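Descriptive structure summary
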Number of protein chains: 2
Amino acid sequence: MKTYEELYKLISKEIENTDYGKTPKELYESINYTMHLGGKRLRPVLVLMACNLFDEDIHIALNAAHSIEIFHNFTLVHDDIMDNAPLRRGQETVYKKWGMNTAVLSGDLMMIKATEILCKTDHSRIINILSVFNKAATQVCEGQQIDMLFENRHDVNYTEYIEMITLKTSVLLATSLQIGGIIGGAKDEDAEHLYEFGKNIGIAFQIQDDILDSFGDENSTGKKIGGDISSNKKTLLLIELYNSMHKDDKKICDELLIENGDGKINGILTLYKKYQIKEFAEFEKEKFLTLAFFHLTKVNVPNEKKQILISTAHELMNRIS
Amino acid sequence: MKTYEELYKLISKEIENTDYGKTPKELYESINYTMHLGGKRLRPVLVLMACNLFDEDIHIALNAAHSIEIFHNFTLVHDDIMDNAPLRRGQETVYKKWGMNTAVLSGDLMMIKATEILCKTDHSRIINILSVFNKAATQVCEGQQIDMLFENRHDVNYTEYIEMITLKTSVLLATSLQIGGIIGGAKDEDAEHLYEFGKNIGIAFQIQDDILDSFGDENSTGKKIGGDISSNKKTLLLIELYNSMHKDDKKICDELLIENGDGKINGILTLYKKYQIKEFAEFEKEKFLTLAFFHLTKVNVPNEKKQILISTAHELMNRIS
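On a predicted model such as this, the values are computed, not experimentally measured, just so you know. (Residues numbered from 1 in each chain as written. Chains lettered and ligands numbered in written order. Predicted model: local features only at pLDDT ≥ 70, side-chain atom pairs only at ≥ 80, totals over all residues. Heavy atoms only, no water.)

1. Focus on the overall build of chain A
Under the convention used in this document: Here a strand is any run of E in DSSP of at least two residues, a helix any run of H or I of at least four, and the numbering for each starts at the N terminus. In this treatment the radius of gyration is a C-alpha quantity, and the globule benchmark scales as 2.2 Å times the residue count to the 0.38 power. For the exposure calls, accessible area comes from a 1.4 Å probe over protein chains only, and a residue counts as buried if that area is under 20% of its type's maximum, exposed if over 50%, partly exposed in between.
Along its length, chain A carries 16 helices and 2 strands. Scaling as 2.2 N^0.38, a compact globule of 321 residues should have a C-alpha radius of gyration of about 20 Å, and chain A matches this with 20 Å. Here the C-alpha coordinates of chain A stretch approximately 60 × 50 × 35 Å along the principal axes. A buried classification covers 57% of the 321 residues belonging to chain A.

2. Concerning the packing of helix H6 (residues 100-118) of chain A against helix H4 (residues 62-82) of chain B
What counts, and what does not: Lines fitted to the C-alpha atoms define the axes, with helices restricted to the stretch that makes contact. Angles between their N-to-C directions range from 0 to 180 degrees. With respect to orientation, any angle under 35 degrees is reported as roughly parallel, any angle over 145 as roughly antiparallel, any angle of 65 to 115 as roughly perpendicular, and every other angle as oblique. For any pair of crossing helices, the crossing counts as left-handed if the nearer helix is rotated counterclockwise from the farther one by less than a right angle, and right-handed if it is rotated clockwise. Residues count as neighbours in contact if any of their non-hydrogen atoms are within 4.5 Å of one another. Asp, Glu, Lys and Arg are counted as charged, while Ala, Val, Leu, Ile, Met, Phe, Trp, Tyr, Cys and Pro are counted as nonpolar; the rest, among them Gly, fall into the polar class.
The geometry of H6(A) relative to H4(B) is characterised by a closest axis approach of 9 Å and an angle of 160° between their N-to-C directions. In terms of their interaxial angle, H6(A) and H4(B) are classed as roughly antiparallel. Between H6(A) and H4(B) the crossing geometry is right-handed. Here H6(A) contributes A:Met100, A:Asn101, A:Val104, A:Leu105 and A:Asp108 to the contact with H4(B), which in turn contributes B:Phe74, B:His78, B:Ile81 and B:Met82. A per-class count over the contact of H6(A) with H4(B) returns 6 nonpolar, 2 polar and 1 charged.

3. Observations concerning helix H16 (residues 303-318) of chain B
All names here are of chain B. This is how the line gets drawn: Expected span, for any helix, means 1.5 Å times one less than how many residues it has.
Compared with an ideal rise of 1.5 Å per residue, which puts 16 residues at 22 Å, H16 spans 22 Å between its outermost C-alpha atoms and is within 8% of the ideal. Residues of H16 that are buried: Lys306, Ile308, Leu309, Thr312, Ala313, Leu316 and Met317. Tucked inside the fold, the buried residues of H16 contact helix H1 (4-16), helix H3 (42-54), helix H8 (158-184), helix H9 (188-215) and helix H15 (277-298).

4. Things to note about the pattern of salt bridges
How we decide: What counts as a salt bridge is simple: a side-chain nitrogen of Lys or Arg found within 4 Å of a carboxyl oxygen of Asp or Glu.
In this structure the tally under the stated criterion is 28 salt bridges over all chains. Its salt-bridge partner being A:Lys199, residue A:Glu196 comes within 3.4 Å of it at the nearest N-O pair. Pair noted here: A:Glu196 and A:Lys199 are both in helix H9 (residues 188-215), with a separation of 3 residues, about one helical turn. Measuring nitrogen to oxygen at the nearest pair gives 2.8 Å for the salt bridge that ties B:Arg88 to B:Asp80.

5. Here we look at the interface of chain B and chain A
Where we set the bar: Buried area: the sum, over both parts, of the accessible surface (1.4 Å probe) that disappears when the two are put together. In protein, a polar contact means a hydrogen-donor-capable atom and an acceptor-capable atom, both N or O and within 3.5 Å, with residues adjacent in sequence counting only if both atoms are side-chain atoms; elsewhere, any N or O pair within 3.5 Å suffices.
The interface of chain B with chain A comprises 36 residues on the first partner and 36 residues on the second. Carbon and sulfur atoms make up 72% of the area that chain B and chain A hide from each other, which totals about 3,200 Å². When the buried area of chain B at its contact with chain A is split by residue, B:Leu105, B:Ile112 and B:Gln145 rank highest and sum to 18% of it. Remark: the boundary between chain B and chain A carries 0 salt bridges. At the boundary of chain B with chain A, the tally comes to 6 residue pairs in polar contact (both at pLDDT 80 or more). If you list the elements that add at least two residues to the side of chain B that touches chain A, you get helix H2 (25-35), H4, helix H6 (100-118) and helix H7 (126-150) of chain B. Among the elements that make up the side of chain B that touches chain A, the one with the highest residue count is H7(B) (14 residues). Counted by class, the side of chain B that touches chain A contains 21 nonpolar, 9 polar and 6 charged residues.

6. Side note on the relation of the copies chain B and chain A
Short version of the rule: To line up the copies, we fit them by least squares on C-alpha atoms, keeping just the residues with pLDDT of at least 70 in both.
If you rotate chain B by 180° and push it 0.0 Å along the axis, it lands on chain A with an RMSD of 0.0 Å. Here the transformation between the copies is reduced to the relation of a two-fold axis.

7. Here's the deal with the packing of aromatic side chains
Just so we agree on the cut-off: Pairing of aromatic side chains here covers Phe, Tyr and the six-membered ring of Trp, requires ring centres within 6.5 Å, and sorts the geometry by plane angle: under 30 degrees stacked, over 60 edge-to-face, intermediate tilted.
Evaluated as defined, the whole model comprises 12 aromatic pairs over all chains. Between A:Tyr33 and A:Trp98, the aromatic rings sit 5.1 Å apart at their centres with planes inclined by 70°, giving edge-to-face as the arrangement. Linking A:Tyr33 in helix H2 (residues 25-35) with A:Trp98 in helix H5 (residues 94-98), this pair joins segments that are 65 residues apart in sequence. Its relative accessible area of 17% is what places A:Tyr33 among the buried residues. Ring centres of B:Phe215 and B:Tyr272 lie 6.2 Å apart, and the angle between their planes is 40°; this geometry places the pair in the tilted category.

8. Overview of unusual backbone geometry
Cis geometry is adopted by the peptide bond preceding A:Pro24, which originates at A:Thr23 and carries an omega value of 0°. Looking at where A:Pro24 falls in the secondary structure, it is placed in the loop between helix H1 (4-16) and H2. One non-glycine residue, A:Gln276, adopts positive backbone phi at about 50°. Note that A:Gln276 resides in the loop between helix H14 (262-274) and helix H15 (277-298). Taking the relative accessible area as the measure of exposure, A:Gln276 reaches 51% and is therefore exposed. Of note, B:Asn84 is a non-glycine position whose phi angle comes to about 55°, a positive value. Structurally, the position occupied by B:Asn84 is in the loop between H4 and strand E1 (87-88).

Spelled out as structure tokens, the structure:
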């Protein structure tokens with residue numbers, strides 16, 4: 001089995017050796033810029049890891065891995081327009097650097113390139129692979145729309161929240177594993193279990209993110225505590241708090257939410273502590289993690305081959321930034 | 001051979017019977033809205049016509065036709081963001097009606113749906129069809145970027161202009177015919193000639209549009225003369241004028257271009273007449289039309305089968321709006 005680092009190097013070399021195009025300059029410059037910004041490249045690594053469970057030759061999954069990384073980056077380019085975001089991975093966003101019109105087109109073209117490169121996968125089940133990919137792509141767009149709609153709602157519930165993060169974040173992780181598995185030769189059942197493993201890891205990972213924002217160590221995460229609280233983001237924590245509070249605390253909470261500054265953050269954190277919201281979120285995270293690992297046990301390959309997926313999942317969960 | 005009207009009805013029924021999705025409501029409402037706005041549906045009709053040259057059963061090309069119409073509409077939704085356009089086909093644009101974020105996502109999802117539906121084409125050459133489609137999709141994005149870049153340039157030349165309209169408009173018409181041909185069973189050579197037919201018709205059609213804007217009959221076109229002149233759009237006419245003028249007239253022209261109103265329009269029209277720009281454009285239009293029909297003669301099917309494409313091309317060229 002190849003390590004994360006080996007797979008990361010392989011996909012990074014593939015991406016860095018790809019010239020996505022030349023003319024018109026502005027358009028391809030922005031695509032090359034985005035693709036060469038780096039990042040964890042988690043999704044393509046997962047494609048390769050899943051393939052490697054069933055086949056020693058992971059090169060057969062390289063186009064699919066590359067395609068999913070392009071797709072993921074396309075969603076980031078368009079998300080940055082919608083979020084009016086100036087920075088991504090510590091660098092200017094395409095939106096900020098080239099303007100909105102080029103950012104729209106740059107994302108569009110990346111989406112097309114993602115399909116184009118996926119189609120280069122020489123596999124008897126290519127239509128099946130495309131169908132799985134298109135389904136996930138659809139769900140990611142749905143998730144982004146639902147997330148935007150949450151901004152103007154105060155009654156988001158637990159189920160809606162889990163559905164949103166599943167669509168927006170988890171299905172692409174799940175699909176990366178599923179597609180890698182299919183390319184490697186997994187039976188449908190095994191590919192489905194890989195999908196469920198990825199989906200539940202993704203949900204746990206997002207909950208972890210929500211927890212860290214309120215209870216992380218600023219020195220370790222490098223981020224100021226309470227960013228989500230400041231922006232009234234509907235996290236699992238805030239949603240659960242709303243569900244748990246007595247009437248009087250709800251009034252206090254509503255007043256805090258229209259405030260700004262450290263008083264607001266500290267006030268909400270006090271309520272989180274009072275209602276043991278962190279404990280609830282930790283429980284939920286563990287629940288989804290357990291479910292994820294249950295599905296991994298069901299994948300019909302020797303246990304030693306699964307170790308790399310297990311350790312990757314643990315590293316993701318223990319990440320501090 | 002089926003008539004335009006018969007094919008139009010077939011594809012319209014297919015589109016109108018399609019529910020593109022339900023949840024999240026805002027996203028799918030905007031897609032259903034766009035797809036049900038109507039229009040000529042020229043591209044899907046061309047897919048079906050080309051298929052019909054080689055196969056009596058045009059239903060085999062219905063998914064591809066549908067896919068190309070979705071793709072075309074995706075480009076319109078995103079173009080309307082970039083052009084800040086309030087109206088499309090006499091109705092509010094998605095951008096205007098639902099806002100920028102939903103318009104970005106709505107277009108993204110339509111692009112995904114286009115691939116998804118194309119993949120339903122049950123054909124041994126589906127990967128080839130996808131490759132032709134992705135190439136055209138890429139070129140349409142390139143054309144749109146080049147068109148935007150023209151806005152800030154004063155030195156656009158004839159070759160650049162023809163390349164831009166080829167990418168932005170013609171390749172999708174060309175690809176519609178090529179894909180229809182492939183699905184119907186055309187040999188590569190015949191599919192290529194259909195592509196060239198569509199490409200050159202598309203160029204001629206765009207030149208016709210440029211001519212009508214300056215020399216059309218307001219009563220027939222329903223549009224005020226000189227819209228392109230008012231907005232300093234780089235049409236074939238303006239580019240040729242710039243190439244032809246004496247120094248003194250160039251000075252007059254430059255002064256006119258920074259003006260507004262009827263004086264500007266009449267001034268530029270006077271220069272067009274002085275330098276016989278309309279005659280030049282008519283000549284160019286005829287040149288591309290001739291080239292188009294030459295390629296059609298090369299397609300290896302009985303002449304009577306081609307009549308529908310010839311009459312469709314003539315109707316397009318004689319359209320007044």
